[in-house]
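Report on the structure
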Amino acid sequence: MSTNGTARSAQPDPCNFVIFGVTGDLTHRLVIPALYNLAEADLLPQRFCITGVVRKPIDADALRDSLMQGLRKFATRPLKDDLARRLLGCLTTVQADPSEPASFDRMRQHLEDAEHSRATAGNRLFYLATPPDAFAPIARELGRVGLLREDNDHWRRLVIEKPFGTDLASAIVLNGALLKVADEHQLYRIDHYLGKETVQNILVLRFANGMFEPIWNRNHIDHVQITVDETLGVGHRGSFYDATGALRDMVPNHLFQLLSLVAMEPPARFDAHTVRTCKAEVLGAIQTQSEAEALRNAVRGQYRAGRVEDQPIEDYRKTANVAPDSTTETYVALKLAIDNWRWAGVPFYLRTGKALATKRTEVAIKFKEAPFTMFRDTAVDRLSQNYLVIGIEPVEGITLQFNTKVPGPSIAIDGVEMKFQYKDYFHAAPSTGYETLIHDCMIGDNILFQRADSVEAGWQAVQPFLDAWRKAGNDGLEFYQAGSNGPEAGEALLARDGRGWRTPC
Ligand SMILES: NC(=O)c1ccc[n+]([C@@H]2O[C@H](COP(=O)([O-])OP(=O)(O)OC[C@H]3O[C@@H](n4cnc5c(N)ncnc54)[C@H](OP(=O)(O)O)[C@@H]3O)[C@@H](O)[C@H]2O)c1
């Protein structure tokens, strides 16, 4: 997100967009289609080139053909062949493998030659679209040959995609390796959730309106629910998923990004340092639980065979490359507390899972009940609490749930919804969700990217759950049928506090 309307439409400086993992799925599916959309919106630099880094020799034309096929398949808008060809026409390839240090010396020469012929002024964006275990070796080699060194005339930036570690210790090691060769301002840790307009809108909703912030605290809010439900099963990603699980895959990154935007203190200024500091502070304020507390305040589940949207889903343990006795969770629900004045006593309930009945990402803020006094002698037996719901997927918008009088002579009350949907007001061209993020990398705006301290604070908060579950093994693992709303215990986690997950009207 840019700091103002002008910056958002800013033309980036000339640059060389260097992609490691150029042969992979992320590049084909998202990075090149996003660059294409930026080119169409005239938001790429005037002087621009792409360098595809490959480990094994590949003919540049063959790579261009493959990327063109990717564009045809994944473009979010009708493809203009001329524009696509012009974009891919500025791609050259170079061979470099972090396990062969000499190849990085050769790559340095290649970059300098390409930059000379395209006059890209020496600015370089290194996009690591590779498996995470390659991040540190690639960064090390880039640093060793001086490719990350900045001076007044050139910027050098390194973009990596989550996961940023697999636990607290590995996140600290990865941050250490990156910060050894680059300064924090050069690092762009992408969480693609922050490319979503509705997620960015949480800041605007809270801080550009006078009516929400005064009630955004423990005096008025009963609790907060963050839900990221997916209908898809693990599919062909068994090997990755079985080693990862729902907690690692979703919570320290996507769910905590939502949590930090909802719970952070108001930043005094809309600049990267201030906003990221407020986010890191609130993540750092999540109460670290003991392992016993973690077992009590979390539910982990695994799906059994079932049907989702009328399609069969096989038992998780029968998925290819999943251990037949796997204890990996495909569903997690957590109760967290934030230890500060604003949120003391306000539980944050988070849940995410695969193979569930409906696809839904939302933040639901439940307000405290109004005093019942006035209705004591009427037919009204209870008042439902008000919800403010920030819908992120599939419906992007904001819903306010409140009580109203049912027409008629007697007093009867019912809950109704007032709905704002993005699509009713704005007509954004379909996008990959990466355009804003990639453009921000090129203009040097890192508000939407995670800083090392936020990443570590996130892992710190989930580490007790990881530790407790590793020791518990099968004990406490719940099962749910694919196509259901998750395990019963997920409901019980809130029911024991006299609460329940929001059911959309
Ligand atoms: N695909 C998506 O939709 C998506 C979405 C969000 C995030 N991601 C993340 O993006 C990253 C890449 O995913 P992907 O789906 O594109 O994987 P992929 O299809 O397996 O591609 C991996 C790419 O990285 C290269 N590579 C592998 N090991 C390397 C190493 N040690 N050093 C240098 N290059 C190496 C591969 O090159 P070779 O051709 O030489 O093997 C290939 O180009 C992962 O971290 C993933 O979590 C992917």
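Each value, and the rule that gives it
Residues numbered from 1 in each chain as written. Predicted model: local features only at pLDDT ≥ 70, side-chain atom pairs only at ≥ 80, totals over all residues. pLDDT = per-residue confidence, 0-100. Contact = placed C-beta atoms within 7 Å. Buried ≥ 20, exposed ≤ 12 C-beta atoms within 10 Å, placed from the backbone. Helix = DSSP H or I, 4+ residues; strand = E, 2+ residues; numbered from the N terminus. Pairing = 2+ DSSP bridges. Right-handed = clockwise from strand over helix to strand, strands pointing away. Near = placed C-beta within 6 Å. Nonpolar A, V, L, I, M, F, W, Y, C, P; charged D, E, K, R; others polar. Core = buried A, V, L, I, M, F, W, Y, C linked by C-beta atoms within 7 Å. Domains from an automatic or database assignment. Axes fitted to C-alpha atoms, helices over the stretch in contact; angles between N-to-C directions. Parallel < 35°, antiparallel > 145°, perpendicular 65-115°, else oblique.

The share of residues in the protein with pLDDT of 70 or more is 98%, and the mean pLDDT across the chain is 94. Per-residue pLDDT stays below 50 along residues 1-6; that stretch engages in 10 contacts with residues further than four places along the chain or on separate chains.

Here strand β6 (residues 187-190) shows no split at all, with Leu187 and Arg189 on one side and Tyr188 and Ile190 on the other all buried. By the bridge criterion, four bridges tie strand β5 (residues 156-161) to β6 in an arrangement that is parallel. By the bridge assignment for β6, Glu161 is matched with Ile190. Handedness of the crossover is the feature at issue here: the chain leaves β5, passes through helix α7 (residues 168-181), returns alongside β6, and the resulting connection is right-handed.

The next subject is the site of the ligand. Looking at the ligand, there are 18 residues lining it, with Gly21, Gly24, Asp25, Leu26 and Arg55 nearest. The dominant element in the shell around the ligand, judged by the number of residues it contributes, is helix α2 (residues 25-40), at four residues. By residue class, the composition of the shell around the ligand is nine nonpolar, four polar and five charged.

With that out of the way, let us pick up the nonpolar core. Side chains of a nonpolar character, in soluble globular proteins, are inclined to be buried together. By size, the foremost hydrophobic cluster in this structure holds 126 residues, and its most contacted members are Ile19, Tyr127, Leu128, Leu158 and Val159. Ranked by the residues each element gives to this core, the list is headed by helix α10 (residues 245-263), at 11 residues. Here this core gathers at least three residues from each of two domains, domain 1 (5-161) and domain 2 (195-369 + 451-495). Those residues in contact with Leu128, other than ones at most four positions away along the chain, are Phe20, Gly21, Ala134, Phe135, Ile138, Leu158, Val159 and Ile160.

Right, let's get into the packing of α10 against helix α11 (residues 272-284). Each packed pair of helices is defined by two parameters, the angle between the axes and the distance between the axes. Orientation of α10 relative to α11, taken along the N-to-C sense of each, is 105°, at an axis distance of 9 Å. With respect to α11, the axis of α10 lies roughly perpendicular. For the pair α10 and α11, contact is made by Phe256, Ser260 and Ala263 and by Lys279, Val282 and Leu283, respectively. When its residues are assigned to classes, the contact of α10 with α11 shows four nonpolar, one polar and one charged.

The subject of this paragraph is the environment of Arg108. Relative to the assigned elements, Arg108 resides in helix α5 (residues 101-118). Arg108 gets classed as partly exposed once you count the C-beta atoms within 10 Å, which come to 16. Each residue touching Arg108, except ones within four places of it in the same chain, is listed here: Val145 and Leu147.

Our focus in this paragraph is the sheet that holds strand β16 (residues 413-421). One open sheet holds the nine strands; their spatial order is β16-β15-β14-β13-β7-β12-β11-β8-β17, and the pairing between them is mixed. Lying at the two open borders of the sheet, with one neighbouring strand each, are β16 and β17 (477-481). Looking at each pair of strands side by side, their axes are set apart by 20° on average, direction ignored. The pairing of strand β7 (residues 221-229) with strand β12 (residues 348-353) spans six bridges and is parallel. Bridge pairing links Val224 to Phe348 in β12.

All right, on to the sheet that holds strand β4 (residues 124-128) then. The strand order across the open sheet built from six strands is β3-β2-β1-β4-β5-β6, with neighbouring strands paired in parallel fashion. Sheet topology places β3 (91-95) and β6 at the edges, where each strand pairs with a single neighbour. Across the sheet, the mean angle separating the axes of adjacent strands is 20° when strand polarity is ignored. Pairing of β4 with β5, which is carried by five bridges, proceeds in the parallel orientation.

As a further point, take the domain arrangement of the protein. Looking at the protein, the domain boundaries give domain 1 (5-161) and domain 2 (195-369 + 451-495). Relative to domain 2, the C-alpha centre of domain 1 lies at a distance of 33 Å.

Cis geometry marks the peptide bond from Lys162 to Pro163, where omega comes out at 15°. Examined against the element boundaries, Pro163 turns out to sit in the loop between β5 and α7. The linkage connecting Glu393 with the following residue, Pro394, adopts the cis geometry, with an omega of -10°. Looking at the secondary structure, you find Pro394 in the loop between β14 (387-393) and β15 (397-405). Of note in the backbone geometry, Glu309 takes a positive phi value of approximately 45° without being a glycine. Along the chain, Glu309 falls in the loop between β9 (306-308) and β10 (311-313). For Glu309, a count of 11 C-beta atoms within 10 Å gives the class exposed.

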